Amino acid sequence: DSNMNSLLITLGHGSSALFVYDKGSSVIGYEQERLSGIKADSQFPKDAINEIINNIGIHKMSDCNIYISHWFNDCTPDNKAPQKVFESKYMTHTDYLNLLNISKKIIFVDKNFTHHDAHAWSAFSFFEQHLENTQIEPYSNRICTIVADGFGTNEEVLSIYESIKEDNKISEPRLIKRVFGYDASIGLMYQYATSFCGMKENQDEYKFLGYESHIDEYLSEESIDALDHLIEYNVTNLKKMFDAKSSPEDGIWHASCDEENIINFNKLSNVRKYWYTTFQAVLENINFVSENKETYDFITRCIIAYFVQQTVEIYFSQIIHDYDMSNVIVAGGCFYNVKLNNRILESIPGLFCAMPLAGDQGAAIGMYRKFTSENFNFGNLLFGKRRMYNAEKAFSNKKGIYYFKVAENGLNKIATSIANAISDGNLVNIIYGNMEFGPRALCSTSTLFLPTKENVANNNHMNNRNEVMPCAPVCTQKNAEKLFGESIHRVVGSNRFMICTHEYEKPFSNQYAGVMHKKTLEDNIYTGRPQIVSEKEILINMILNKVEAICDAKCLVNTSFNVHGRPIVFDVKDILQNFEYQREHAVSGKEPLLFVIK
C-alpha cells in the first residue's frame, strides 16, 4: 500500500532524502553530499531522490506522503504550497513541481510543528525504539528532550520538552520552554567561532575539541583564571537571554517572526559581528606568547575553543540543574559535540540519549514519527545502497585491493584475512554493504587499524588530514566495559554511533594512544568516543575478536574512508579515486590496503 510509504526530505546544509516503505520496515536514503561530492551540500537533494528512484522504482513512490523539514517559516496558512521557498536556494519552483510528479501529499514544517519540534520527535523516536532493548529503567518517570542548533522555523534557538513514562509507555514530547532570537543561539555562537578562527562553518566545529585540550600548554594558571571569568560573564549573559527571550506563559510558542524574510540576514550579520567582537575582546584580555604566526593561530584557536566549549558545557549544565532533569534526550546540531554530551551524562543521575543524526539530516524523521505515529526503523543507519556497477572488473589486478564475495568465501575467511592485515600493522579500508547515513563511518565505509599514535598520524598524512582530534575506537560490548566502565550503561542507543565520549578506566596503555584524548585541564584522565558494536554486526565482531586473539588489542580505530574534504565514498569511481590518492600520499612502506566485500 503506497499510502503507507513516506519520502522524508531535509533542506539546508547536509540536505538529504530518505524513503520509508514496506509498511515502515525498509529504509533507503542518502545525503546529497555523497552523490554530488560537495561536502555538507545544501542544494535541494535531487540526486538523492533520483538515486532512491533508481533503486526502488518510481511506481513504489507514487502517492506517498512527502515530509519536508527546513528551518524557515515560508508556508501559506493552509500549508499546501510554500510561498517564499521558491526564492530560496534550498528549493526552487521546479523542485516543487518535480515532487508533485511523485505525489500531491506534501507536508512542510510550519509554525505549529516547527523545525525544533521535528528534531525533538526524531530524537524521541530513537529513544523510544532503543529503550526497549535497554536493561535499565529510567531514573525517574520524567524524561526531558533538549533541542539546540543555529535556529528553527520561528527563530527558536533552544527548546525543552517533557515526556512521562507510565506502564512501559512514554508520553509524546510536550514543549515546556522555548527561547527565541539569533543572539541567544548557542549554535550560532559556536558556528561563528569556527569561521572567526579561519575554519569552515558547519563543518569544522568538532576540531575545537582537539584545540581545547591544549589550553594549559600555552596559558598560565592566571590567564586560565582570567578566561574563566570571561566565560562566566558570557554564560550569565546567555542565561539572561534564556529567561528574557522565552515564550509567553499563555502557551503561545510563536515568536514575532519576521514575515518578510525567510531568514533575516540583517539580524544574522549583526549577531556574527557581536560574536566576532566578543572573541576579539577575549583574545585581547588574555596574555600569551607566540613566536610566530603559526603558533599564534594555534594558540588563538585553543583560547576560543576553550571559551566556547566551556560556555556551552556550563550553560547546559545550569539548565539541567534548574529544570531538575534526571533523564535527558538531545538533538540538534549542538549535540554533535561529543564532549558536551559527556558533560550532560555526568550531570544527570539517569539515562542519556543523543540522537545520532543530531544535525538537520535527521529532522524529517521527526515529522514521520509525529504524523504517522509509526516508529522510524533506525537499524544501524546503513540506508544507502551503493552503486557498485562493474566492481569486480574495476578492482581486479589493482595493487593493494582485495575483492571478496561472501557467498564464495564465507565471512569467517574474509574476517581472518582482514584481522591478519590489521594485526600486521596495516591501515585497512573496508567497503561492505550499504553506506552510512549521517556523519559517522560505521565500519561499512571505514579505515580500521591498531590504535597507536603512529598509525593515526600515518592515516592523517595519507588522507591530507591535519586534525588535532584523536580518532574513535570501535570495540565489542564486552571490551567496552573493560575500557570505559559503568557510565556506558546509562546511555540509550547512542553508543553504537560515536556521539558521546566516556572516560577510559585506568591504567592506560600506550598501545591505545591513538584513541585517547586528554581531558581538558585534567592530568591522567582520558576520554574516547566509542562505537560499541552490537552482536548483530557479525563481520566487524569477528574482526575485533580475531585481532584481539592475535595481538590483544581491545579496540581498533574506526575512521571514515575518504580523503579530507571529500564525503564518504559512494561508488566504484569514488572508491578508486580516494584509494589511489591514499596510496600516492602514504608514508613509504605504510601504503593502505582495501577490502571490498560483496
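In the block above lies the structure referred to throughout.
Bear in mind the structure is a predicted one, so any value in this text is a computation, not a measurement. (Residues numbered from 1 in each chain as written. Predicted model: local features only at pLDDT ≥ 70, side-chain atom pairs only at ≥ 80, totals over all residues. Heavy atoms only, no water.)

Student: What exactly am I supposed to notice about the environment of Ile525 here?
Tutor: You can see Ile525 is positioned in the loop between β17 (517-518) and β18 (526-528). C-alpha separation for the pair Ile525 and Lys200, spaced 325 residues apart in sequence, amounts to 30 Å. Not counting the four nearest positions on each side in its chain, Ile525 is found in contact with Glu503, Lys506, Phe508, His517, Lys518 and Lys519. (Helix = DSSP H or I, 4+ residues; strand = E, 2+ residues; numbered from the N terminus. Contact = heavy atoms within 4.5 Å.)

Student: Looking at this model, I keep getting lost on the layout of surface pockets. Mind explaining?
Tutor: Regions of empty space are outlined by a rolling probe, equal in size to a water molecule, passed over the atoms. The computed volume of the second largest pocket comes to approximately 720 Å³. Among the secondary structure elements, those contributing two or more residues to the lining of the second largest pocket are α5 (115-131) and β19 (531-533). Residue classes in the lining of the second largest pocket are distributed as six nonpolar, 14 polar and four charged. (1 Å grid on protein atoms, 1.4 Å probe; cavity = no way out; pocket = protein on both sides within 12 Å on 5 of 7 lines; lining within 4 Å. Points joined across faces, edges and corners; volume = space filled by probe spheres on them. Nonpolar A, V, L, I, M, F, W, Y, C, P; charged D, E, K, R; others polar.)

Student: Sorry, what's going on with the environment of Ile56 here?
Tutor: Inspection of the secondary structure puts Ile56 in helix α2 (residues 46-56). Considering only alpha carbons, one finds Ile56 and Ile28, 28 residues apart in sequence, at a separation of 8.9 Å.

Student: Sorry if this is basic, but what is going on with the sheet that holds strand β1 (residues 6-10) here?
Tutor: Strand pairs in the sheet, formed through backbone hydrogen bonds, run parallel or antiparallel to each other. The strand order β3-β2-β1-β4-β5 describes an open sheet built from five strands, whose pairing is mixed. Each edge of the sheet is formed by a strand with only one pairing partner; in this case those strands are β3 (26-31) and β5 (106-108). Taken over all neighbouring pairs, the strand axes of this sheet differ in orientation by 15° on average, direction set aside. Inspection of the sheet shows strand β4 (residues 65-69) paired to β5 by three bridges, in the parallel sense. (Pairing = 2+ DSSP bridges. Axes fitted to C-alpha atoms, helices over the stretch in contact; angles between N-to-C directions.)

Student: Explanation requested: helix α11 (residues 293-322) in the structure shown.
Tutor: Residues separated by three or four positions in an α-helix point in the same direction, a consequence of the helix having 3.6 residues per turn. If you check α11, its first and last C-alpha atoms are 43 Å apart, about what 30 residues at 1.5 Å a residue would give, namely 44 Å. The buried count for α11 comes to 21 of 30 residues, which makes it a mostly enclosed element. Note on α11: the residue one or two positions beyond its end, Asp324, has a positive phi of about 50°. (Expected span 1.5 Å × (residues − 1). Buried < 20%, exposed > 50% of the residue type's maximum accessible area, 1.4 Å probe, protein only.)

Student: What should I look at first to understand the environment of Arg301 in this one?
Tutor: Within the secondary structure, Arg301 is located in helix α11. Sequence spacing of Arg301 and Gly210 is 91 residues, and the spatial spacing of their C-alpha atoms is 9.7 Å. If sequence neighbours within four positions are ignored, Arg301 has contacts with Cys197, Gly198, Met199, Phe208 and Tyr211.

Student: Help me out: how do you make sense of the packing of helix α6 (residues 186-196) against α11 in this one?
Tutor: To describe two helices that pack against each other, one gives the angle between their axes and the distance between the axes. Two elements in contact, α6 and α11, have axes separated by 10 Å at closest approach and are oriented at 170°. As the angle between them shows, α6 and α11 are arranged roughly antiparallel. Judged by residue contacts, Ile186, Met189, Tyr190, Ala193 and Phe196 of α6 engage Ile304, Val308, Gln309, Thr311, Val312, Tyr315 and Phe316 from α11. Across the contact of α6 with α11, the residue classes break down as 10 nonpolar, two polar and no charged. (Parallel < 35°, antiparallel > 145°, perpendicular 65-115°, else oblique.)

Student: Explain the packing of aromatic side chains here, please?
Tutor: Where two aromatic rings form a pair, the distance of their centres and the angle of their planes describe that pair. Inspection of the entire model under this criterion finds 32 aromatic pairs. Consider the rings of Phe376 and Phe378, whose centres lie 4.9 Å apart with planes at 70°: the pair is edge-to-face. Looking at Phe376, the relative accessible area reads 1%, which means it is buried. Given a relative accessible area of 0%, Phe378 falls into the buried group. Members of the aromatic cluster, joined through ring pairs, are Phe126, Tyr368, Phe376, Phe378, Phe383, Phe437 and Phe497. (Phe/Tyr/Trp six-rings, centres within 6.5 Å; stacked < 30°, edge-to-face > 60°.)

Honestly, that's just the spatial picture; any functional story needs more than this.
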